[in-house]
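Coordinate inspection notes
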Amino acid sequence: MDFSTQYPNLNFPEGPANSSTLTKQHFVEILYDRLGLSRQEATQVIESIFSEIELALDKDGKVTFEAVAKVWGLPYTPLTL
């Protein structure tokens, strides 16, 4: 999905976050580029987040992402894994 086309009035930064497929390494690079974390720190953060997601999936069988669109005031449908 190309959000910059779908929401032309919003300014989306260039970079890996606008890719259709994101890997852990993409997230590490985003934290490194945008927050100034070292790559080691960013890797630890991302690994912690994915660990929490894995634990939630093991426990409840689902994880819902819904706050991302709220940040920009966009209409959204929560993504449940």
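Our structure is the block above this text.
What comes next concerns the included structure.

Reading the values: the criteria
As a convention, each chain's residues are numbered from 1 in the sequence order in which they are written. Owing to the predicted nature of the model, reporting of local features is limited to residues with pLDDT of at least 70; listing and counting of side-chain atom pairs is limited to 80 or more, with chain, interface and lining totals taken over all residues. To get the side-chain values, all heavy atoms of the structure are used, and hydrogens and water are removed first. Between Lys or Arg on one side and Asp or Glu on the other, a salt bridge is scored when a side-chain nitrogen of the former is within 4 Å of a carboxyl oxygen of the latter. Counting from the N terminus, the helices are DSSP H or I runs at least four residues long and the strands are E runs at least two residues long. Burial classification: accessible surface area is computed with a 1.4 Å probe over protein chains only, and a residue below 20% of its type maximum counts as buried, one above 50% as exposed, and the rest as partly exposed. Expected span, for any helix, means 1.5 Å times one less than how many residues it has. By arc we mean the arc of the directions from the helix axis to the C-beta atoms, nothing more. Pairing of aromatic rings covers Phe, Tyr and Trp, the last counted by its six-membered ring, and requires centre-to-centre distances within 6.5 Å; plane angles under 30 degrees mean stacked, over 60 mean edge-to-face, and any other angle means tilted. A positively charged side chain is recorded as over a ring if its NZ (Lys) or CZ (Arg) lies within 6 Å of the ring centre. The angle to the ring normal must also be within 35 degrees. Think of a patch as exposed residues, more than 30% relative accessible area, with no salt bridge, where like charges cluster within 9 Å and nonpolar side chains (Val, Leu, Ile, Met, Phe, Trp, Tyr) cluster within 5 Å. Using a 1.4 Å probe, accessible areas were evaluated by the Shrake-Rupley method; residue-level cover was limited to the displayed protein chains.

Another point: the pattern of salt bridges. Inspection of the entire model under this criterion finds 2 salt bridges. The partner of Lys-24 in a salt bridge is Glu-47, with the nearest N and O atoms 3.3 Å apart. With Lys-24 in helix α2 (residues 24-35) and Glu-47 in helix α3 (residues 39-60), this residue pair connects regions lying 23 residues apart in the sequence. Residue classification places Lys-24 among the partly exposed residues on the basis of a relative accessible area of 36%.

This part takes up α3. Given 3.6 residues per turn, any residue in an α-helix points the same way as the ones three and four places further on. For α3, spanning 22 residues, the distance from its first C-alpha to its last is 31 Å, which sits close to the expected 32 Å at 1.5 Å a residue. The set of residues buried in α3 consists of Ala-42, Ile-46 and Ile-53. Along the long axis of α3, the arc covered by the buried residues comes to 25°, so they all point the same way. Along α3, the residues that are exposed and aim more than 90 degrees away from the buried face are Gln-40, Glu-52, Glu-54, Asp-58 and Lys-59. Directly after α3, the chain includes Gly-61, whose backbone phi takes a positive value near 80°.

Within a pair of aromatic rings, the relevant descriptors are the distance that separates the centres and the angle that separates the planes. Across all of its chains, the model carries 1 aromatic pair by this definition. Directly above the ring of Phe-50 sits Lys-24, whose terminal nitrogen or CZ lies 5.1 Å from the centroid. A cation over an aromatic ring shows up here: Arg-39 above the ring of Tyr-32, its NZ or CZ 3.7 Å from the ring centre.

A cluster of nonpolar side chains, contributed by Val-45, Ile-49 and Phe-50, occupies part of the molecular surface with about 210 Å² of accessible area. Within the secondary structure layout, Val-45 lies in helix α3. The class for Val-45 is partly exposed, based on a relative accessible area of 33%.

Keep in mind these values describe shape, not function.
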